[in-house]
Amino acid sequence: MSGRKFLEESMLVTQGLVHQGYLSANPRFGSLPKVALAGLIGFGLGKASYIGVCQKKFHSFEDQLRGAGFGPEHNRHCLLTCEKCKTRRGLSENGGSQPSAS
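Residues numbered from 1 in each chain as written. Predicted model: local features only at pLDDT ≥ 70, side-chain atom pairs only at ≥ 80, totals over all residues. Heavy atoms only, no water.

Caption draft 1: Examining the overall build of the protein chain more closely. Helix and strand counts for the protein chain come out as five helices and zero strands. Tracing the protein chain from N to C terminus, the helices and strands come up as α-α-α-α-α. Nonlocal contacts in the protein chain, meaning residues at least 24 apart in sequence, comprise 44% of its contacts between residues at least 6 apart. Summed over all atoms, the accessible surface of the protein chain reaches about 8500 Å², with 61% contributed by carbon and sulfur. (Helix = DSSP H or I, 4+ residues; strand = E, 2+ residues; numbered from the N terminus. Contact = heavy atoms within 4.5 Å. Areas by Shrake-Rupley, 256 points an atom, 1.4 Å probe, with all protein chains shown as cover.)

Laid out in structure tokens, this is it:
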């Protein structure tokens, strides 16, 4: 939502500057190119300003998400939910042998 706020504010400010004469309007397209560019820049700045908040949210859930398939200990191919994987894991933990990669 922060990206949208910056987008709207930058577009309004740019439109006001063109209307007041501080920025010149394009003879063919009017204020549209400057307002559109300001909107894109504002949207990008808004998204960039939200990165820190997003990172904090992920770090706060880090411990909870590790069990759900995140982190270096996670086996990306299997969640060990099927019986075949459960028995392979049990054999490798008990017998010390590595499971086959088939």
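From this point, things continue past the structure.
Caption draft 2: Representation of the environment of Gly 3 in the model. Structurally, the position occupied by Gly 3 is in helix 1 (residues 2-20). Here Gly 3 falls in the buried class, since its relative accessible area comes to 1%. Each C-alpha atom, one on Gly 3 and one on Leu 45, is 7.0 Å from the other, the two residues being 42 residues apart in sequence. Excluding its chain neighbours within four sequence positions, the residues that come into contact with Gly 3 are Gly 42, Phe 43, Gly 46 and Lys 47. (Buried < 20%, exposed > 50% of the residue type's maximum accessible area, 1.4 Å probe, protein only.)

Caption draft 3: Focus on a nonpolar patch on the surface. A cluster of nonpolar side chains, Phe 6, Leu 37, Ile 41 and Leu 45, forms an exposed patch at the surface whose accessible area comes to about 380 Å². Considering each element in turn, the nonpolar patch owes the most residues, three residues, to helix 2 (residues 32-49). Summarising the element assignment, Leu 37 is placed in helix 2. (Patch = residues over 30% accessible without salt bridge, like charges linked within 9 Å, V, L, I, M, F, W, Y side chains within 5 Å. Salt bridge = Lys/Arg side-chain N within 4 Å of Asp/Glu carboxyl O.)

Caption draft 4: Spatial organisation of the pattern of salt bridges. Applying the stated rule across the entire model yields one salt bridge. Across the salt bridge formed by Arg 4 and Glu 8, the nearest N and O atoms sit 3.0 Å from each other. In this pair, Arg 4 and Glu 8 both sit in helix 1, four residues apart, roughly one turn of the helix. Look at Arg 4 and you get partly exposed, because its relative accessible area is 48%.

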